[in-house]
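Architecture and fold: a report
Spelled out, the chains give:
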Amino acid sequence: MRHLMSPLDFSVEELSKLFDLANEIEANPEKFSHVCAGKKLATLFYEPSTRTRLSFEAAMLNLGGSVLGFSSADSSSAAKGESVSDTIRIISGYADIAAIRHPKEGAPLVASLKSGIPVINAGDGGHQHPTQTLTDLLTIRSLKGRLDNMTIGICGDLKFGRTVHSLINALVRYPGIRFILISPEELRLPDYIREDVLRRNNQEFREEVRLEDALPELDLLYMTRVQKERFFNEEDYVRMKDFYILDREKMKLAPPDMLVLHPLPRVNEISVEVDDDPRAVYFKQAKYGVYVRMALILTLLEVKVC
Ligand code: NCD
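Before going into details, it helps to say that this report is about the structure given with it. (Residues numbered from 1 in each chain as written. Predicted model: local features only at pLDDT ≥ 70, side-chain atom pairs only at ≥ 80, totals over all residues. Heavy atoms only, no water.)

Side note on the sheet that holds strand β2 (residues 66–70)
Taking strand neighbours across the sheet as the criterion, the 4 strands line up as β2-β1-β3-β4 in an open arrangement whose pairing is parallel. Each end of this open sheet is capped by a strand with a single partner; those strands are β2 and β4 (119–124). Taken pair by pair, the neighbouring strands of this sheet meet at an average axis angle of 15°, ignoring direction. In terms of strand pairing, strand β1 (residues 40–45) meets strand β3 (residues 97–102) through 5 bridges, oriented parallel. When the sheet's bridge partners are listed, Leu 44 is paired in β3 with Ile 100. Across the sheet, helix α2 (residues 51–62) is in contact with β1, β2, β3 and β4; its angle to β1 comes to roughly 175°. (Pairing = 2+ DSSP bridges. Helix = DSSP H or I, 4+ residues; strand = E, 2+ residues; numbered from the N terminus. Axes fitted to C-alpha atoms, helices over the stretch in contact; angles between N-to-C directions. Contact = heavy atoms within 4.5 Å.)

Structure (structure tokens):
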């Protein structure tokens, strides 16, 4: 039985097959519309979410399966003090696969050790968010035609942003990637990613504070929200929250084929006037999230579709 805790749980070859399957689903959704009939997905969300939970549920429904679950810790037995290990043991008797989001780093991993069904990490604290990374990679591969040889700017909250940590982990495996990490001093990448992932892999990268200093060089800009819920005090958040605002003026500095991605939700970091720019692909990206989760469910449940 296989779980998904980190994007590294799949090899580059396995990811490539997963993305082929996701593109096949996108091109021919009818073919897949009943392949999970009788199967159930449980979504155990101890932390708020719109896209991730609903895209998981849409993915399972699109495959002809059904869904059950909860969308906040207070509406589950966690409020009574039940551990994730006990909860997953119970859910293993009710469903065939589970997606877990939790504010504590490592909680989905703890659950997977006691689980009788495949467990997917749907985001654990400020740590990892592997299915967002699968979404990001599928978007890049589908729209750019490749995952290698690119200069990628990652901008915003690099300290607490779990989507950033997972994306960097995944991308260092592709040749010719150059990162420009754009953040205020206080929200720079944590050492465990800079040293253990970037330096250990001899990954080319540089750090910048000003977005304008990076934009002209980028093939891709990955914008992120300042992660309000991970701050220890409101004042720091308020000081940081509008540090970056990508607007039409700044987009003039970017190459004509640069893509702008964002895991969403967007707060102020991308002005709505950018939404109509053909380079802004974050709403398309959210759609790719459904296709890739469909492919992931099929892969973890070992459902073969001929
Ligand atoms: C991200 C997350 O939850 O980490 N959202 C998402 O799943 N698309 C990004 C964020 O909340 O900023």
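This is not the end of the story, as more comes after the structure.
Brief notes about the packing of aromatic side chains
Given two aromatic rings, one states the distance between the centres and the angle between the planes to describe the pair. All told, the structure shown has 6 aromatic pairs when counted by the stated rule. Both rings, one in Tyr 288 and one in Tyr 291, keep their centres 6.3 Å apart while their planes meet at 70°; by these two values the pair is edge-to-face. Here Tyr 288 pairs with Tyr 291, and both are found in helix α10 (residues 282–300), just 3 residues apart, close to one helical turn. Here Tyr 288 and Tyr 291 have matching classes, each one buried. (Phe/Tyr/Trp six-rings, centres within 6.5 Å; stacked < 30°, edge-to-face > 60°. Buried < 20%, exposed > 50% of the residue type's maximum accessible area, 1.4 Å probe, protein only.)

Remarks on the site of the ligand
As a structural note, the neighbourhood of the ligand is formed by Arg 51, Thr 52, Arg 101, His 129, Gln 132, Arg 162, Thr 163, Arg 225, Gln 227, Pro 263, Leu 264 and Pro 265. Between the ligand and Gln 132, the relevant distance is 3.1 Å, taken from a nitrogen atom to a side-chain nitrogen or oxygen of the residue. If you list the elements that add at least two residues to the shell around the ligand, you get α2 and α6 (162–171). Classifying every residue of the shell around the ligand by side-chain character gives 3 nonpolar, 5 polar and 4 charged. (Near = heavy atom within 4 Å. Polar contact = N/O pair within 3.5 Å; in protein donor to acceptor, adjacent residues only side chain to side chain. Nonpolar A, V, L, I, M, F, W, Y, C, P; charged D, E, K, R; others polar.)

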